[in-house]
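Structural overview
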Amino acid sequence: MTTSYNAMELMICVASRELEDGSTLAVGTGAPCAAAMLAQKLSSPNLSILFEAGSVNPQLPEMPISVGDSRAGHKAVMVSTMGAIMETCQRGYVDYTFLGGAQIDMYGNLNSTMIGDNYQEPKVRFPGSGGANDLASLCWKTIVITPMDDRRFVEQVDFITTPGYLTGKGAREAAGLPEGTGPYKVITNLCILGYDDDTCRMRIESLHPGVTVEKVRENCGFELLLADSLEETHPPTDEELRILREEVDPDGYIIGR
Amino acid sequence: MAHANDRLFDHQMAREFKLKKTRALVDKRMDLSDAVAQYVEDGDSLIETGFAYARGPMAAYWEIGRQKKQNLVGIYTPGGLNNLWHEFGGIEGAHVAYVGVEMRGLIAPFRRGVEAGTLKVFSDWSHGGLSASLRAAEQGMNYVASKSMLGSDVMKDNPYVKLGEDPWTGEPVCLIPAMYPDVAIFHVHHADKYGNGRVWGLSVNDTAIAIAAKKVVVTCERIVDTDDIRASAANVIIPWYCVDAVCEVPYGAWPGDMPGMYYFDRPLQEQVVRVDWKTPEATKAWVETNIYGTKNHYEMIQLAADEEGMNVLDYVKRLEQFACSAAYFGIGTWGTGGERDWKYEEVAKRAI
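What you are looking at is a predicted structure, and each value in this text was computed from that prediction instead of being measured.

Some thoughts on the overall build of chain A
- Helices and strands together make up the secondary structure of chain A, namely seven helices and 14 strands.
- Against the compact-globule benchmark of 18 Å for 257 residues, chain A has a radius of gyration of 18 Å, which places it among compact chains.
- Projected onto its principal axes, the C-alpha coordinates of chain A cover approximately 50 × 45 × 35 Å.
- Among the 257 residues that make up chain A, the fraction classed as buried is 61%.
- Sequence separation of at least 24 residues holds for 65% of the intrachain contacts in chain A that already meet a minimum separation of 6.
- Per element, the accessible surface of chain A, about 9900 Å² overall, is 46% carbon and sulfur.
- Taken together, the 20 basic and 36 acidic charged side chains of chain A have centroids lying 3 Å from each other.

Printed below as a string of structure tokens:
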């Protein structure tokens, strides 16, 4: 009998399984950091975290509030600079990054800058790129964690803050971005999405328990491809949920109370 | 008077300005209010330092509001807490890599100012792009090339960066000019009277900013002897010749985090960004009470302690308990658990 869980817990548990032991990961605070901490406590004790403020491989005592705070730098092997972290990514040493965004399109391009037709006069203004543009440009594999609905998953993002595959296969390389980098997975409350090798378009790879292809498509503003063999996502295990609730986010800041 | 943006990337002007400053070891100690009055001028570009709300010079930002500085241009990689001053005429516009408080969301005065068209976003950047711009200035170089921002609308809509090509391979690269903000204020753990600034933990963009900015004010938890600075020189991130003023401001990063010394007042920060600044009216009332209604940082801290029904010393001691162990930052007796009595006396003396 599996414990019940909410959508955020499901997304964090599923995301944490993507992170191989021995790999390097650049993350921000929130759900991505929770997934990384969970992975470190379960499957990937040798997962090294980097924060854009300069922290290299810290041992996080608890969930940081900011990527630049005391906790984010706690027991790090190096406390460096923002430039040093971005340049480490640019040199190719960082395997994964985890991002979110207000809008995403079928090529994994992300918008966290503004909503509206005109950049000069936004209807809604968001915080801006932060490190998202750099990390998705320069790390090998970009994983996005986001709930799914047709306002987020759109035909065209209003502003490309963070490049995915841009307009399709070969476009990243043509723009000058490092070859072989790019979007890898999108972890949502309904399914796991990946990208088609030939077209670089988003596709459904695994459905969460009880979710149908129709339900996923209803919540997406563009046409989703299907992987050759669809899988069913393993629900969070009791062990994952226990560690997430008791050790990673005991105050429920991310997963709710 | 030319607009701040017209001199922001002027390599020659910055070089002449900075090389005119003395490189002699002179005592630069002064009161924070005097330093803000003298070095933050109306119309300046002001870059945020530290990681905005982590090891940020919050006491100085509150003082900028208290002195009603006008038409500043904000530079945020990251930042944005001083966007608050937009609604009081203090911030005219901004160069933005990131304005927000991460998982706690947006900073309301920024969002509503930009959406209303009253607060101008002069340019968007990525963190890597803006830090590269400051690093060019740090190198004393006109520009640097980077792989950040390529292919994105951040690059397309940024009026300062250019698409170039690697002259050897022909690969596209982003060319990023050196940025020279008019003024930067830092908060460090310790400084000597000449301005050598030392921190424990992440230095973020601070060394590049200290070298790039034309005018530099260093606030610190405590002023120490130069011999003490020499004993842990690897932690010095700001060299004296960049610095114009040194101000001793214990708890100067409050209500933000100071690595190894004290942690965020988390409930207070959440109350401020989610409730107190949510509407222009609420923001005005908050500023009347907390900024115009206080004469300095310590009166503000006293108000926060009163709000929780706590003695001010118990209040700061509680924030110290949340700080990560000073030992892991190598601060030793300088961090939590050491040198406290002096700081408490200072707070007791300086509060109401």
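A look at the confidence of the model for chain B
- In the predicted model, chain B carries a mean pLDDT of 93, and 97% of its residues have values of at least 70.
- ipTM for the predicted complex: 0.96, alongside a pTM of 0.96.

Structural notes on the nonpolar core
- Ranked by internal contacts, the top residues of the largest apolar core, which has 161 residues, are Ile12 and Phe98 of chain A together with Trp62, Ile64, Trp125, Trp254 and Trp286 of chain B.
- A domain split of this core shows at least three residues from each of domain 1 (4-248) and domain 2 (266-351) of chain B.
- Contacts of Ile12 of chain A, omitting those with residues within four sequence positions, involve Ala31, Ala34, Ala35, Leu38, Leu244, Ile254 and Ile255 of chain A.
- In terms of nonpolar packing, the next biggest core, distinct from the first, is built from 26 residues, Val186, Ile204, Val213 and Cys220 of chain A among them.

Parameters at a glance
Here the residue numbering is sequential within each chain, running from 1 through the sequence in written order. To label them, take the chains in the order written and letter them from A, then take the ligands in the order written and number them from 1. Only residues with pLDDT of at least 70 are given local features in this predicted model, and only at 80 or more are side-chain atom pairs given and counted; all residues enter the totals for whole chains, interfaces and linings. Heavy atoms throughout the structure, all of them, feed into the side-chain values; hydrogens and water do not. Put simply, DSSP marks the helices as runs of H or I at least four residues long and the strands as runs of E at least two long, and each gets a number from the N terminus on. Radius of gyration here is computed from C-alpha atoms only, and the compact-globule reference equals 2.2 Å multiplied by the residue count raised to the power 0.38. Burial status follows relative accessibility: with a 1.4 Å probe on protein chains alone, a residue under 20% of its type maximum counts as buried, one over 50% as exposed, and anything between as partly exposed. Contact definition: two residues touch when any of their heavy atoms are within 4.5 Å. Here the accessible surface of atoms and residues is derived via Shrake-Rupley with a 1.4 Å probe, and residues count as covered only by protein chains that are part of the display. For the purpose of counting charges, residues Lys and Arg are taken to be positive, whereas Asp and Glu are taken to be negative. His and the chain ends are not included. Charged groups are reduced to one reference atom each: NZ for lysine, CZ for arginine, CG for aspartic acid, CD for glutamic acid. Each residue carries a pLDDT value, the predictor's own confidence for that position, ranging from 0 to 100. What is meant by a nonpolar core is a set of buried Ala, Val, Leu, Ile, Met, Phe, Trp, Tyr and Cys residues, joined one to another through side-chain atoms within 4.5 Å. An automatic or database domain assignment is the source of the domain bounds shown.

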